[in-house]
Amino acid sequence: MDVAYYTVGGLQIFEGKGFVEPYLWNYLSEPKGLPFPAFTYWMPLPSLLAFFGMWIGRSALFFWAKLPFILLTGLLPVLSVYMARCLLKNPGYAWIAGGLAVIPGIYIIYLPLPETFVPYMIGGGLFVIVAFLANFRWLGNWDSLQRFFLLGLIAGWMHLTRADGLLWLFAAAGIVIGRTYPWNLPDKLRVAIMGTVVLLAGYLVLTGAWYYRNWLFFGGLFPPGNTKSLWLTDYNELYSYPNDHLNFSYWLKSGWEAIFKARVNALGINLQNFLAVQGSVVLVPLILLAIWSRRKLAMVKFGILMWGVILGIMTIVFPFAGSRGGFLHSGAATQIFFWVMAVVGLEQWILWMRKIRGWNLSFAISLFGLFLILVNTGISIWFFQQRVLGGGNDPIWNRSIERYQKVAQRLGELRITNDALGMVNNPPGYYWATRMPSIVIPDGDINHSLAAASKFGASYLLLEQDQENLIDLYQNPKDSSNLQYLETFNNVHIFLVLPRAD
């Protein structure tokens, strides 16, 4: 769904339709109808990059939407090698960090797609480099101001990529304070004030138009309704309609036991993601060794602090979104840092083994570094096989889109027009496949779906097997007072929505 969302966002801009969406995939911002302003929950940068690729190719083909992300992926080994060269005692082994970035394990299937992973990895890597490693001394007295402006730009890039990217603006402000405090001298206070100004200027260079657009459409700096996601007691409540019940009182009524269990469960899943995705399992001991051996470095302290804050937010504040991919996406900002830490840890371990066993430093690091890259290669191949190719003759990755295309053809045969509004499980994917508008099937029983259909004018409903809240209807499709069951096509039940008596 994420890839479809960002691709369609770029497609809308490419086709001259602007920042609007021909579907509703949630109801948090109290939409009045379609089309609706785009990017009220997710941020626009991946779609802007997808549009840029389409504009370059003068084509809406998916390849052109992917092209900017493919090219940006090429920066990951460059940034990893640069960071590693700054931290390793022997910079000649930085190629191992580059190798891990070239073959990144589970990330392999996501990096070349219109998604947040690559922009966030690049932003996080650049942030650390600019804040702690880059040398601007040639600028003389302008060193700090140049650094602060670039940090503002990077923070703006990250916020336009993900909503939690705003966290990196606060991190940049912390860098300004850390580099200028204490303000007991007039010069230091002046640099602190000017640094804050140039930091915000850099940030607003990229985000200013975004805030202006929000102000025009919504009368505020941020789209309405997103704070409701703070009060979920189950992930699927993200799709609730109506959703006025999502507030602090509702959240509190779920009980402290349920609240605690949700966060413990999220913590477990998020740590598993760190172990398997960010650490490829075998990298984790080396990462921990590097963090301990370099624990006094400001860069290492910062990297661990940011990862811990992200983990805390995606565990305590947003446990359901966090455990369903939020932490995986947000944590990508620290991925280059972890690849580099793994190589630093490898070097530290080999140095210890040289003292104990007399190992040849160059041979051992090269051998084990190649082993780590081969492990990532194996994980990449396995995950690509599982999630993209599958076990059949046709790739499982494309099946949902192809199913929607076939269903759309059948709808035409049933005389349901392309401009008719439908209710589906995945509106962005449905539009991408069919160019037909839709709204998401809301959480709750069929009455909630009928209420949404009545509000927005949906005339048909496509019920798929993974629609958990309507599984009874899927298993026993039948007519009701407001639904007419037409048929099942390609494992999708097709219903007509009848006018409600009220």
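Residues numbered from 1 in each chain as written. Predicted model: local features only at pLDDT ≥ 70, side-chain atom pairs only at ≥ 80, totals over all residues. Heavy atoms only, no water.

(A) Seen up close, the environment of Val492. Within the fold, Val492 resides in strand β8 (residues 492-497). Each C-alpha atom of the pair Val492 and Leu461 lies 9.8 Å from the other, and the pair is 31 residues apart in sequence. Aside from chain neighbours lying at most four places away, what touches Val492 is Arg403, Val407, Leu462, Leu463, Glu464 and Glu487. (Helix = DSSP H or I, 4+ residues; strand = E, 2+ residues; numbered from the N terminus. Contact = heavy atoms within 4.5 Å.)

(B) Representation of unusual backbone geometry within the structure. With omega at -10°, the peptide bond leading from Leu34 into Pro35 counts as cis. By the secondary structure assignment, Pro35 is in the loop between β2 (23-24) and β3 (36-37). Although it is not a glycine, Ser280 sits at a positive phi angle of roughly 45°. Mapping Ser280 onto the fold places it in the loop between α11 (256-278) and α12 (283-293).

(C) Spotlight on the pattern of salt bridges. Tallying each qualifying case throughout the model produces eight salt bridges. A salt bridge links Glu347 to Arg294; the shortest N-O distance between them is 3.9 Å. Here Arg294 lies in the loop between α12 and α13 (298-317) and Glu347 lies in helix α15 (residues 335-357), a separation of 53 residues in the sequence. Counted as one network, the salt bridges with shared partners bring together Arg410, Glu413 and Glu487. (Salt bridge = Lys/Arg side-chain N within 4 Å of Asp/Glu carboxyl O.)

(D) How the structure looks around the packing of helix α4 (residues 75-87) against helix α5 (residues 95-102). Between α4 and α5, the shortest axis-to-axis distance is 8 Å and the interhelical angle comes to 155°. Classified by the interaxial angle, the pair formed by α4 and α5 is roughly antiparallel. α5 is crossed by α4, and the crossing has right-handed handedness. For the pair α4 and α5, contact is made by Leu76, Pro77, Ser80, Val81 and Ala84 and by Ala97, Gly98, Ala101 and Val102, respectively. Its residues assigned to classes, the contact of α4 with α5 shows seven nonpolar, two polar and no charged. (Axes fitted to C-alpha atoms, helices over the stretch in contact; angles between N-to-C directions. Parallel < 35°, antiparallel > 145°, perpendicular 65-115°, else oblique. Left-handed = near helix turned anticlockwise from the far one by under 90°. Nonpolar A, V, L, I, M, F, W, Y, C, P; charged D, E, K, R; others polar.)

(E) Molecular detail of empty space enclosed by the protein. For the structure on display, the rule yields four cavities of 30 Å³ or more. Its boundaries defined by the atoms lining it, the largest cavity holds a volume of some 70 Å³. Around the largest cavity, the lining residues are Tyr41, Ser229, Leu230, Leu232, Tyr235, Leu238, Arg263, Val317, Phe318, Pro319, Phe320 and Ala321. The element best represented in the lining of the largest cavity is helix α14 (residues 319-330), accounting for three residues. The residue makeup of the lining of the largest cavity, split by class, is ten nonpolar, one polar and one charged. (1 Å grid on protein atoms, 1.4 Å probe; cavity = no way out; pocket = protein on both sides within 12 Å on 5 of 7 lines; lining within 4 Å. Points joined across faces, edges and corners; volume = space filled by probe spheres on them.)

(F) Here's a closer look at the pairing of β8. Burial analysis of β8 places five of its six residues in the buried class, which makes it a mostly covered element. Inspection of the sheet shows strand β6 (residues 460-463) paired to β8 by four bridges, in the antiparallel sense. Bridge assignment links Leu461 to a residue of β8, and that residue is Phe495. (Buried < 20%, exposed > 50% of the residue type's maximum accessible area, 1.4 Å probe, protein only. Pairing = 2+ DSSP bridges.)

(G) Here's a closer look at the packing of α15 against helix α16 (residues 361-389). Two elements in contact, α15 and α16, have axes separated by 10 Å at closest approach and are oriented at 140°. When the axis of α15 is compared with that of α16, the two are oblique. Crossing geometry of α15 relative to α16 is assigned as right-handed. Of the residues in α16, those in contact with Leu346, Glu347, Trp349, Ile350, Leu351 and Arg354 of α15 are Leu361, Ala364, Ile365, Phe368, Gly369 and Leu372. Of the residues assigned to the contact of α15 with α16, the class counts are nine nonpolar, one polar and two charged.

(H) Inspection of the environment of Ser80 at higher detail. By the element assignment, Ser80 lies in helix α4. Of the residues examined, Ser80 reaches a relative accessible area of 0% and is grouped as buried. Separated by 277 residues in sequence, Ser80 and Arg357 have C-alpha atoms that sit 30 Å apart. Not counting residues within four places of it along the chain, the set of residues in contact with Ser80 comprises Ala97, Gly98, Ala101, Ile336, Trp339 and Val340.

(I) Geometry of the nonpolar core. Within the largest apolar cluster, 136 residues are counted, with the highest numbers of intra-cluster contacts made by Phe127, Leu151, Trp168, Met341 and Ile439. At twelve residues, α15 tops the list of elements feeding residues into this core. Filtering out sequence-adjacent residues up to four positions away, Met341 remains in contact with Leu87, Leu286, Ile287, Ala290, Ile291, Met299 and Val300. Membership of the second largest hydrophobic core comes to 14 residues, among which are Val407, Ala433, Met436 and Ile494. (Core = buried A, V, L, I, M, F, W, Y, C linked by side-chain atoms within 4.5 Å.)

(J) Highlighting helix α17 (residues 399-413). Taking 1.5 Å of rise per residue, the 15 residues of α17 would be expected to cover 21 Å, and the 21 Å separating its terminal C-alpha atoms lies within 8% of that figure. Within α17, the full set of buried residues consists of Tyr404, Val407, Ala408 and Leu411. Down the axis of α17, the buried side of the element spans an arc of 110°, and every buried residue falls inside it. Exposed side chains of α17 directed beyond 90 degrees from the buried face belong to Gln409 and Glu413. Just beyond α17, the residue with positive phi is Arg415, at close to 65°. (Expected span 1.5 Å × (residues − 1). Arc of directions from axis to C-beta.)

(K) Looking closely at the side chain of Asn26. Summarising the element assignment, Asn26 is placed in the loop between β2 and β3. On the accessibility criterion, Asn26 (7% relative accessible area) is buried. There is a polar contact of 3.0 Å between the side chain of Asn26 and the backbone nitrogen of Leu28. (Polar contact = N/O pair within 3.5 Å; in protein donor to acceptor, adjacent residues only side chain to side chain.)

(L) Local environment of a nonpolar patch on the surface. Among the surface-exposed residues, Ile177, Tyr181, Trp183, Leu189, Ile193 and Val197 lie close enough to one another that they form a single nonpolar patch of about 600 Å² accessible area. Broken down by element, the residue count for the nonpolar patch peaks at three residues, all from helix α9 (residues 186-218). (Patch = residues over 30% accessible without salt bridge, like charges linked within 9 Å, V, L, I, M, F, W, Y side chains within 5 Å. Areas by Shrake-Rupley, 256 points an atom, 1.4 Å probe, with all protein chains shown as cover.)

(M) Broad picture of the sheet that holds β6. If you trace the six strands from one edge of the open sheet to the other, you get β2-β5-β4-β6-β8-β7, paired in mixed fashion. Every other strand in the sheet has two partners, leaving β2 and β7 (483-489) as the edge strands with one partner each. The pairing of β7 with β8 spans six bridges and is classified as antiparallel. When the bridges of β8 are listed, Gln484 appears paired with Leu496.

(N) Focus on the packing of aromatic side chains. Under the criterion given, the structure shown has 44 aromatic pairs. Judged by centre distance (6.0 Å) and plane angle (45°), the ring pair of Trp382 and Phe383 falls under tilted. With a relative accessible area of 9%, Phe383 lands in the buried category. Taken together, the aromatic side chains of Tyr5, Tyr6, Phe19, Tyr23, Trp25, Phe39, Tyr41, Trp42, Tyr235, Tyr239 and Tyr431 make up a single cluster linked through ring pairs. (Phe/Tyr/Trp six-rings, centres within 6.5 Å; stacked < 30°, edge-to-face > 60°.)

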